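Read off the chains here:
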Amino acid sequence: MALMGQMMAGSLLISSLIKHAARHAAETEIVSKRVEGDLHRYTWRDAELRSRKVAQALAGLGCQAGDRVATLAWNGYRHLEIYYGSSGSELVCHTINPRLFPEQIAWIANDAQDLVLCFDLNFLPLIEKLAAQMSSVKHFVLMTDRAHMPAQTGINELLCYEELVEAENGDYDWPEFDENTASSICYTSGTTGHPKGAVYSHRSSVLHAYGSALPDAMGCSALDVILPVVPMFHVNAWGLPYSCALVGCKLVMPGPHMDGKSLFELFENEGVTFSAGVPTVWLGLLTYMKANQLKFSSFKRTVIGGAACPPAMMRTLEDDFGVEVIHAWGMTEMSPLGTLSKLTARQMSLPTEAQRRLLEKQGKVIYGVDMAVSDDEGNELPWDGVSSGNLLVRGPWVIKSYFGQTGSPLVSLNGQPGWFPTGDVATIDSYGFMQITDRSKDVIKSGGEWISSIELENIAMAHPAVFEAAVIACAHPKWDERPLLVVIKKPDAELSREQLLEFFEGQIPKWQIPDDVVFVTEIPHTATGKIQKLKLRDQFRTYRLPGLPTV
Ligand code: AMP
């Protein structure tokens, strides 16, 4: 009979992270640039106390275990308190991406059956328009103080966050419960149809916080000052609100102020050493710094991911600004971290250029994630750096199903079930460095945000002069990818590029409208009649969008 370990049991709960920070990094600061414009600072001890008050306030609103508390908010201390106050009290924190189209925001809130919606001051006009469509939301909470509450609003019984918090005494013990309980939900815009929810558990979030803080991963330390530029609505800011509590470091949050000047001042004034964000955010910061001949005095390392980091950006940050770039890959369904590009002892003797080429790849998995590339029949492909196939992953912080969906997204590898197909196409080299080479899912990633090509195609197809439409991603130096609309006109129909682009207005957010239209006479199809996106992408690989210099 097996001998059981004789160690203390105890669930891995998100509340344990903030309890730890409050006890062992009590005086360490959390600094937030508020939506209201000023700077707020307090400590992990204060954050934990106020998170307990949030838990009490949510219970006071009638929330019960499993109920969803949604946020529509930038990175800031109140958002952090809702993270911990809701998840810690067995509620589920549902972070909504405010960059989505308003109707999609309402759809997501209804799908998740959110009971409470907490939102930043600058989203008041949006929520005033949407409140009536959010049928499950019983309580709307404006994340501000009494002085900033609107004198008049169309929202019934709009609650004031600060009043709710201050009415509580904080006399609250974080409850113990099963670590597999849901802690938070994040929706990802899928290939087809509506966005889908990834439901994280306490266990997966705590394990991810451990794994991502390791030296060969993000390498978070109590000595760091960490500023997540990645929003808290994008896969929990890549877990940083949790890993920063785990290591007890200073946390700096920029609120909505993400222009180059504001970010630079915050980096310098607060002594930021480490940051994380999608490639696009660094462009604004670097342009501002170059124009003003500025240098960082404390900033040493950054994780760049969510979209491929252009090698030129890595070099600029490293060579001109002395900032180490850690290229990372992951996805909402993976909490999100999968791989990071860090050298191991084996690559130390390689020439610098060879090392750099490795670091430009998406990198090696961290413990907690297993990965493989497979052919279309589910057979594993060799790790030779050239065989490119479907990238599959598995592990305790990878989803096994989507919220509210029947049917499993998982596939088999060499006949063994239980692998999540990422929709990315990749190679893995003999060192174990993975490189994304393409994407089989039908989406475009612009500035780190998804655009559904199918949604764009559906709109184009609704135009009376369009016979067939296909949307593909086209390379763009700032946004990484932008949508290109390829169209076959109906015989004898009159249709200009401008008329077709105008047709999109009001149907999707402006930033999702294709950058260009190409009229063709043929679009390639598979034997089953599907558009061959890979072939089409190949056909337009060198296409230059309007306004971009030709190479
Ligand atoms: P999301 O769920 O929004 O975080 O998007 C995840 C997807 O973004 C991945 O499946 C990739 O297609 C893409 N992605 C994330 N990181 C990278 C990267 N470093 N390089 C290329 N694509 C990436």
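Only a predicted model underlies this, so the values are computations on that prediction, with no experimental measurement involved.

Draft legend 1. Inspection of the packing of helix α11 (residues 279–291) against helix α12 (residues 311–320) at higher detail. At their nearest, the axes of α11 and α12 sit 11 Å apart, and the two run at 45° to each other. By the angle between their directions, the pair α11 and α12 is classed as oblique. At the point where α11 passes α12, the crossing takes the left-handed sense. Residues Pro279, Trp282, Leu283, Leu286 and Lys290 of α11 form the contact with α12, whose participating residues are Met313, Thr316 and Leu317. Considered class by class, the residues forming the contact of α11 with α12 number 6 nonpolar, 1 polar and 1 charged.

Draft legend 2. Molecular detail of the site of the ligand. The ligand sits among 17 residues. The nearest are Ala328, Thr332, Asp424, Lys441 and Lys445. Measuring from a nitrogen atom of the ligand, one finds a side-chain N or O atom of histidine 327 at 3.0 Å. A total of 500 Å² of accessible area belongs to the ligand in isolation, and the protein chains cover 96% of it. Ranked by residues supplied to the shell around the ligand, first place goes to strand β14 (residues 324–330) with 4 residues. Split into classes, the residues belonging to the shell around the ligand amount to 6 nonpolar, 7 polar and 4 charged. Two domains each donate at least three residues to the shell around the ligand, and these are domain 1 (17–324) and domain 2 (336–439).

Draft legend 3. Main features of the packing of aromatic side chains. Within the structure shown, the criterion is met by 15 aromatic pairs. Ring centres 5.9 Å apart and planes at 90° place the aromatic pair tyrosine 84 and tyrosine 242 in the edge-to-face group. With a gap of 158 residues between them, tyrosine 84 in helix α3 (residues 77–88) and tyrosine 242 in helix α9 (residues 240–247) connect regions that are remote in the sequence. Across this residue pair, the class does not change: tyrosine 84 and tyrosine 242 are buried. Residues phenylalanine 267 and tryptophan 282 carry aromatic rings whose centres are separated by 6.4 Å and whose planes lie at 80° to one another, so their mutual orientation is edge-to-face. Within this pair, whereas phenylalanine 267 is found in helix α10 (residues 260–270), its partner tryptophan 282 is found in helix α11, the two being separated by 15 residues in sequence. Exposure class is identical for phenylalanine 267 and tryptophan 282. Each is buried.

Draft legend 4. Examining the domain arrangement of the protein chain more closely. By the assigned domains, the protein chain splits into domain 1 (17–324), domain 2 (336–439) and domain 3 (444–539). Facing the 30 residues of domain 1 at the interface are 16 residues of domain 2. Overall, the association of domain 1 and domain 2 removes approximately 2,100 Å² of surface from exposure, summing both partners, and the carbon and sulfur fraction of that is 63%. It is Lys196, His208 and Arg315 in domain 1 that bury the most area against domain 2; as a group they hold 25% of the surface buried on that side. Taken together, the links from domain 1 to domain 2 amount to 4 salt bridges. With a closest N to O distance of 2.6 Å, arginine 356 and aspartate 319 form a salt bridge. The tally of links from domain 1 across to domain 2 stands at 6 residue pairs in polar contact (both at pLDDT 80 or more).

Draft legend 5. Structural detail: the nonpolar core. Membership of the largest hydrophobic core comes to 66 residues, with the highest contact counts inside it found for Trp44, Tyr84, Met218, Val303 and Leu340. Counting residues per element, this core draws most heavily on α9, at 6 residues. Both of domain 1 (17–324) and domain 2 (336–439) provide at least three residues apiece to this core. In contact with tyrosine 84, other than residues within four places in its own chain, are Ile14, Leu17, Ile18, Ser51, Ser89, Trp174, Pro241, Tyr242 and Ala245. Ala70, Ala112, Phe119 and Cys160 belong to the second largest nonpolar core, which has 30 residues in total.

Draft legend 6. View of helix α15 (residues 497–504). Along α15, the residues classified as buried are Leu500, Leu501 and Phe504. For α15, the angular spread of buried residues about the axis comes to 95°, placing them on one side. After α15 finishes, the residue glycine 506 shows a positive phi value of roughly 85°.

Draft legend 7. Geometry of the pattern of salt bridges. Applying the stated criterion to the full structure yields 32 salt bridges. Between arginine 52 and glutamate 48 there is a salt bridge whose closest N-O contact spans 2.8 Å. Of the two residues, arginine 52 and glutamate 48 are both situated in helix α2 (residues 44–60); the distance of 4 residues between them amounts to about one turn of the helix. Given the relative accessible area of 8%, glutamate 48 is considered buried. One network of salt bridges, in which partners are shared, links Glu36, Arg50, Lys53, Arg78, Glu81, Glu162 and Glu166.

Conventions and cut-offs
- Residues numbered from 1 in each chain as written.
- Predicted model: local features only at pLDDT ≥ 70, side-chain atom pairs only at ≥ 80, totals over all residues.
- Heavy atoms only, no water.
- Axes fitted to C-alpha atoms, helices over the stretch in contact; angles between N-to-C directions.
- Helix = DSSP H or I, 4+ residues; strand = E, 2+ residues; numbered from the N terminus.
- Parallel < 35°, antiparallel > 145°, perpendicular 65-115°, else oblique.
- Left-handed = near helix turned anticlockwise from the far one by under 90°.
- Contact = heavy atoms within 4.5 Å.
- Nonpolar A, V, L, I, M, F, W, Y, C, P; charged D, E, K, R; others polar.
- Near = heavy atom within 4 Å.
- Polar contact = N/O pair within 3.5 Å; in protein donor to acceptor, adjacent residues only side chain to side chain.
- Areas by Shrake-Rupley, 256 points an atom, 1.4 Å probe, with all protein chains shown as cover.
- Domains from an automatic or database assignment.
- Phe/Tyr/Trp six-rings, centres within 6.5 Å; stacked < 30°, edge-to-face > 60°.
- Buried < 20%, exposed > 50% of the residue type's maximum accessible area, 1.4 Å probe, protein only.
- Buried area = accessible area lost by both parts, 1.4 Å probe.
- Salt bridge = Lys/Arg side-chain N within 4 Å of Asp/Glu carboxyl O.
- Core = buried A, V, L, I, M, F, W, Y, C linked by side-chain atoms within 4.5 Å.
- Arc of directions from axis to C-beta.

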